[in-house]
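What follows is the residue order along each chain.
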Amino acid sequence: MTGGGSRTIREVDVVVSAPGRNYVTLRIETVGGLVGWGDATLNGRELAVASYLRDHLSALLLGKDSARIGDLWQYLYRGPYWRRGPVTMAAISAVDQALWDIQGKAAGMPVFQLLGGRARERLMAYPHASGHTVEDAVASISTKLEQGYAAVRVQASVPGLASTYGIHVGDEAYEPAHTDLPDEESWSTPLYLDFVPKLIAAVRDQLGYGFNLLHDGHHRLTPTEAAWLGKELEPYRMFWLEDVTPAEDQAAFSLIKAHTTTPLAVGEVFNSIWDCQQLITNRWIDYIRCATTHAGGITHMKRILDLADLYGVRSGCHGPSDVSPVGMAANIHLGFAIPNFGVQEFMGYPEETAEVFRASYRLVEGHLEIDEDVPGLGVEVDVEAAARFPYERKYLPVNRRLDGSMHDW
Ligand code: CS2
Ligand code: MG
């Protein structure tokens, strides 16, 4: 399946750079000069994906018809024999995003138009609010609410623990991958479970119920602990409780869901529809968190979100700073086109990121907006500027219980 005239792929490049944090970006150019961009960033394992793209996929893409997005997806998914997994699927995701970018540019239309057009005027976004104390966390939420957000995620330091996931330092956004070897964080589930209901109660007591409140458990509870926490939080009407347990154990969510009506969100570590098929078809979750950057690109994410829609599950696409502005744009285009949009995480980016990625989507009073007249994904990447920010190996932390045994981070 080669050819395609001016749509034939003639150049494939991988841009690895660190404008504020590490990103891997795929660049595909056609014979006719159209350029498409795809996000291939896998936080803490970036070079594995860069190599998969450079050393294994680029030769397969040269000479192919860039218009045949669906067939190329099948070729890259079924072709290698070894399928799924975060590295393979991040590489396929980047190719898919770049091809949709090219498709839109060839049609002179934004990608959401190719997906069926606008289903909504803007997207509700949520930022990260956090603090070392409950008071700091409440103040951090207040600041976000004053900026116009209708949904806010809250995390706070757990008393008695040396460090806690998700707590920003000063004005810097929280960046977990910041050391050249993994930081070892410590964990105590009893301390966490003792604290979180108090945190959430204080937030609702001081700020009320007029906004959507989210919290991220970050994969650390057992199903019974998660069921208990979900039940404890029911009076506070959470928008969602995220990643309460390690997500690969899909059946665990049947136990959790049986005990609580607190909405459950999961999926940022998933990379294919098979990782969430049971969760969705059994209605064990309320929001699916996959991101186009990790779950097979726009083509595969659309299948996941269409399946989710059949079962009343809404989107909550992952959107930390380690999903690049290209991947964020792909999430946003999907969010405008699907019927079952829930919320879009928008953690924001380090200042330097904008020197390399020029995005046309806008954040306006806590909501994301997109233009009708910007073709493709609407993000351009300045490769010269990217060269000014060389990659530096960074690891995500690991997590150990107080007895020294490994836990989920
Ligand atoms: C977090 C992420 O945004 C979230 O919900 O779970 O920040 C996650 O910790 C990072 O993406 C890991 O790279
Ligand atoms: Mg999360």
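See the structure above.
What this report covers is the structure whose coordinates are included nearby. Position numbers for residues start from 1 in each chain and track the written sequence from start to end. Throughout, the order in which chains and ligands are written sets their labels, letters from A for the former and numbers from 1 for the latter. Since the coordinates come from a predicted model, pLDDT governs what is reported: local features require at least 70, and pairs of side-chain atoms require 80 or more to be given and counted, while whole-chain, interface and lining totals use all residues. Side-chain metrics rest on all non-hydrogen atoms present in the structure, leaving aside hydrogens and water.

1. Regarding the coordination of the magnesium ion (ligand 2)
Here is the rule: Shown as donors are all N, O and S atoms within 2.8 Å of a metal ion, widened to 3.2 Å for Na, K and Ca; because water is not in the atom set, sites may appear incomplete. Runs of E in the DSSP output that reach at least two residues are strands. Runs of H or I that reach at least four are helices, and both are numbered from the N terminus. Only protein chains enter the accessibility calculation, which uses a 1.4 Å probe; a residue is then buried when its area is under 20% of its type maximum, exposed when over 50%, and partly exposed in between.
Taken together, Asp-216 (OD), Glu-242 (OE) and Glu-268 (OE) make up the protein donors of the magnesium ion (ligand 2), found 2.0 to 2.2 Å from the metal. All donors of the magnesium ion (ligand 2) belong to a single chain; written as a sequence motif, their spacing is D-x25-E-x25-E. Of the two residues, Asp-216 is situated in strand β8 (residues 212–216) and Glu-242 in strand β9 (residues 240–242); the sequence distance between them amounts to 26 residues. Given the relative accessible area of 0%, Glu-242 is considered buried.

2. Quick look at the pairing of strand β7 (residues 184–187)
So the rule is basically this: DSSP-based pairing: two strands are paired if at least 2 bridges between them are found.
The alternating pattern of β7 places Glu-185 and Trp-187 on a buried face and Glu-184 and Ser-186 on a face that is not buried. The pairing of β7 with strand β18 (residues 398–401) spans 4 bridges and is parallel. In the strand pairing of β18, Glu-184 is matched with Val-398.

3. Focus on the packing of aromatic side chains
For clarity, the cut-off: When the centres of two rings from Phe, Tyr and Trp lie within 6.5 Å, Trp using its six-membered ring, the rings pair. Their planes under 30 degrees apart give stacked, over 60 give edge-to-face, and anything left gives tilted. Whether a charge sits over a ring depends on NZ of Lys or CZ of Arg being within 6 Å of the ring centre and within 35 degrees of the ring normal.
Applying the stated criterion across every chain yields a total of 13 aromatic pairs. Ring geometry for Tyr-81 against Trp-82: centres 4.8 Å apart, planes inclined by 85°, an arrangement best described as edge-to-face. Taking the centre distance of 6.0 Å and the plane angle of 40° together, the rings of Phe-112 and Phe-336 count as tilted. Here Phe-336 lies in helix α11 (residues 325–337) and Phe-112 lies in helix α4 (residues 111–114), a separation of 224 residues in the sequence. In terms of burial, Phe-112 and Phe-336 fall into one category: buried. Every member of this aromatic cluster is reached through a ring pair, and the members are Tyr-126, Phe-239, Trp-240 and Tyr-287. Its guanidinium or amino end placed over the ring of Phe-211, Arg-204 lies 5.0 Å from that ring's centre, counting from NZ or CZ. Its guanidinium or amino end placed over the ring of Trp-187, Arg-220 lies 5.0 Å from that ring's centre, counting from NZ or CZ.

4. Overview of the sheet that holds strand β2 (residues 23–30)
Using the following cut-off: Every axis in this analysis is a line fitted to C-alpha atoms, fitted for helices over the stretch in contact. Angles between the N-to-C directions lie between 0 and 180 degrees. Residues are treated as being in contact if the distance between any of their heavy atoms lies within 4.5 Å.
The antiparallel open sheet is built from 3 strands, whose spatial order is β1-β2-β3. What marks the edges here is a single partner per strand, and that holds for β1 (9–17) and β3 (35–39). Averaged over all pairs of adjacent strands, the angle between their axes in this sheet comes to 20°, without regard to strand direction. By the bridge criterion, 5 bridges tie β2 to β3 in an arrangement that is antiparallel. Bridged to Leu-26 within β3 is Gly-38. With respect to the sheet, helix α1 (residues 46–61) is in contact with β1 and β2, its orientation differing from that of β1 by roughly 170°. The sheet strands contacting helix α3 (residues 86–107) are β1, β2 and β3, and the helix crosses β3 at an angle near 145°.

5. Remarks on the state of the cysteines
Selection criterion: The disulfide criterion used throughout: a pair of cysteine sulfur atoms within 2.5 Å.
The full count for this structure, using the stated rule, is 0 disulfides. Considering cysteine sulfurs only, Cys-276 is the nearest to Cys-290, which forms no disulfide, with 4.6 Å between them. Judged by relative accessible area, Cys-290 falls into the buried class, the value being 0%.

6. What about empty space enclosed by the protein?
Let me state the cut-off plainly: In this analysis, the protein atoms alone were mapped onto a 1 Å grid. Cavities are point sets where a 1.4 Å probe fits without being able to get out; pockets are open sets with protein on both sides within 12 Å along at least five of seven lines; lining residues have an atom within 4 Å of a point. Grid points are joined across faces, edges and corners, and a volume is the space filled by probe spheres set on the points. When residue character is reported, Ala, Val, Leu, Ile, Met, Phe, Trp, Tyr, Cys and Pro are called nonpolar, Asp, Glu, Lys and Arg charged, and the others, Gly included, polar.
Enumeration according to the criterion identifies 2 cavities of 30 Å³ or more in this entry. In this structure, the largest cavity encloses a volume near 80 Å³. For the largest cavity, the lining is made up of 14 residues, of which Gln-155, Thr-164, Tyr-165, Tyr-192 and Asp-216 are closest to its centre. Elements with a contribution of two residues or more to the lining of the largest cavity: β6 (151–156), α6 (189–207) and β8. Sorting elements by how many residues they give to the lining of the largest cavity places α6 first, with 3 residues. When grouped by side-chain class, the residues that make up the lining of the largest cavity number 7 nonpolar, 5 polar and 2 charged. Around the second largest cavity, the lining residues are Pro-110, His-333, Ser-360, Ile-370, Asp-371, Val-374, Gly-376, Leu-377 and Gly-378. Its residues placed into classes, the lining of the second largest cavity shows 4 nonpolar, 4 polar and 1 charged.

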